[in-house]
Amino acid sequence: MEHDADVLDNLIDDRLDPEAQLLCALLWSPKGSADVAFVVEHLRETDFYNRMYAHIFACIAAAVRDDLPHDASSINVRLAAEGGEIVPQYQRLLISLVGLGSPAGNLIYYGDQLLSTWYRRQFSDMTQSLAQIAEIAPEHELFTRMVEHGITQRKAMYRRKEFLNKAIQARKVQEDE
């Protein structure tokens, strides 16, 4: 039996992709959830590699901030209201996301996984940037530019490390209330 490699890759990606898992868990999480509020407060659109996922996250985050429902149907309405030729693609994507079955209780762990992949992408981007700098920057600027990248990476590392700890602390505070 032959398989289309792209189809298999997409199936594997959706089922293992932290971005997709996070969005599914967000879409299934109840309105007013402390974990949802935490994730929306601490993650950013720019943490996502997939631009469509990033936009869906932004719609969910806006709904949460406005104290509105953030289920798939509600987000679909928000996306449709924006209009455009891409709306049907978002609708199909939302259907795929809610079908993943990601437990809402794992939301903060999916957020942690998403930041892990984001952090690794930062390293990849940095190495590409440093390679370009090595080719074109004046020699007297090389070390300074490398240090600037290092400072940025250190901040990313702290953000990555602190996310899960802060989320667990926030959960404990809520349980104690």
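These remarks concern the structure in this document. (Residues numbered from 1 in each chain as written. Predicted model: local features only at pLDDT ≥ 70, side-chain atom pairs only at ≥ 80, totals over all residues. Heavy atoms only, no water.)

**Looking at the packing of aromatic side chains**
Rules: Each aromatic pair joins two rings of Phe, Tyr and Trp (for Trp, the six-membered one) with centres within 6.5 Å, and gets the label stacked for planes under 30 degrees apart, edge-to-face for over 60, and tilted for any other angle. Helix and strand labels come from DSSP, where a helix needs a run of H or I of at least four residues and a strand needs a run of E of at least two; each type is numbered from the N terminus. Accessibility here uses a 1.4 Å probe with only protein chains present; expressed as a share of the type maximum, an area under 20% marks a residue as buried, one over 50% as exposed, and anything in between as partly exposed. Throughout this description, the term charge over a ring refers to an Arg CZ or Lys NZ atom that lies within 6 Å of the ring centre and within 35 degrees of the ring normal.
Taken as a whole and judged by the stated rule, the model has three aromatic pairs. Ring plane angle 55° and centroid distance 5.3 Å describe the contact between Phe38 and Phe163, whose orientation is recorded as tilted. Of this pair, Phe38 sits in helix H3 (residues 34-42) while Phe163 sits in helix H8 (residues 142-176); the two residues are 125 residues apart in sequence, bridging distant segments of the chain. Measuring from centroid to centroid gives 5.0 Å for Phe48 and Phe57, while their planes differ by 35°, and the two rings are tilted. You can call Phe48 buried: its relative accessible area is 7%. One Lys or Arg, Arg159, reaches over the ring of Trp118 and ends 4.8 Å from the middle of that ring.

**Side note on the state of the cysteines**
Put simply, the rule is: Criterion for a disulfide: a pair of cysteine sulfur atoms within 2.5 Å.
For the coordinates displayed, the defined rule picks out zero disulfides. Here Cys24 stays unpaired: no disulfide links it, and the sulfur of Cys59, its closest cysteine neighbor, is 17 Å away.

**Considering a nonpolar patch on the surface**
Our working definition: A patch is a set of surface residues, each over 30% in relative accessible area and not in a salt bridge, joined within 9 Å for like charges and within 5 Å for the nonpolar side chains Val, Leu, Ile, Met, Phe, Trp and Tyr. Here the open area of atoms and residues is found with the Shrake-Rupley method and a 1.4 Å probe, where only the protein chains shown may cover a residue. Salt bridges are defined by distance alone: a side-chain nitrogen of Lys or Arg within 4 Å of a carboxyl oxygen of Asp or Glu.
A surface patch of nonpolar side chains, amounting to about 380 Å² of accessible area, comprises Phe143, Met146, Val147 and Ile151. In this fold, Val147 is placed in helix H8.

**Quick notes on the pattern of salt bridges**
All chains considered together, the criterion is met by eight salt bridges. The shortest N-O distance in the salt bridge between Lys31 and Asp67 comes to 3.4 Å. Of this pair, Lys31 sits in the loop between helix H2 (18-28) and H3 while Asp67 sits in the loop between helix H4 (51-65) and helix H5 (72-82), and the two are 36 residues apart along the sequence. In this structure, Lys166 engages Glu162 in a salt bridge whose closest nitrogen and oxygen atoms are separated by 3.7 Å. Taken as a pair, Lys166 and Glu162 lie in helix H8 at a separation of four residues, close to a single helical turn.

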